[in-house]
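# Report on the structure
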Amino acid sequence: SRLPHGLVRSCAEARSILIRTGCHCNIGACQRYLNLTDADIRRHYASGKVCGDDIGIIDGRPTGVVRISFGLFSTFRDVRRW
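The following refers to the structure shown.

Calculation criteria
- Residues numbered from 1 in each chain as written.
- Predicted model: local features only at pLDDT ≥ 70, side-chain atom pairs only at ≥ 80, totals over all residues.
- Heavy atoms only, no water.
- Helix = DSSP H or I, 4+ residues; strand = E, 2+ residues; numbered from the N terminus.
- Buried < 20%, exposed > 50% of the residue type's maximum accessible area, 1.4 Å probe, protein only.
- Patch = residues over 30% accessible without salt bridge, like charges linked within 9 Å, V, L, I, M, F, W, Y side chains within 5 Å.
- Areas by Shrake-Rupley, 256 points an atom, 1.4 Å probe, with all protein chains shown as cover.
- Salt bridge = Lys/Arg side-chain N within 4 Å of Asp/Glu carboxyl O.

### Examining unusual backbone geometry
We note that Asn35 has phi near 55 degrees; this positive angle belongs to a residue other than glycine. Its identity is not glycine, yet Asp59 carries a phi of approximately 55 degrees, on the positive side. Tracing the chain through its elements places Asp59 in the loop between β2 (57–58) and β3 (61–62). Judged by relative accessible area, which is 60%, Asp59 ranks as exposed.

So, in structure tokens, the structure goes:
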């Protein structure tokens, strides 16, 4: 089942894990990846969806993604903490 990206972010933040959620300032790539039509985007906007909000699912479909990145100083302990 799908989870709203804002919920995933909140769970990660509670464990001091920083992740990126939403469309990462690239609505075109997000639209393509999630198979959203121009009409879907207009409907989302009309329903109150804006960049940076926590509305993760509209009409049963995701409105963004979750990106988890590991850096130079990431450890297996960081992975297990999730």
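Further notes follow.
### Some points on a nonpolar patch on the surface
A cluster of nonpolar side chains, Val66, Ile68, Phe70, Phe76 and Val79, forms an exposed patch at the surface whose accessible area comes to about 520 Å². Mapped onto the elements, Phe70 comes out in the loop between β4 (65–67) and α4 (76–81). A residue is classified by how much of its surface remains accessible, and Phe70, at 54% relative accessible area, is exposed.

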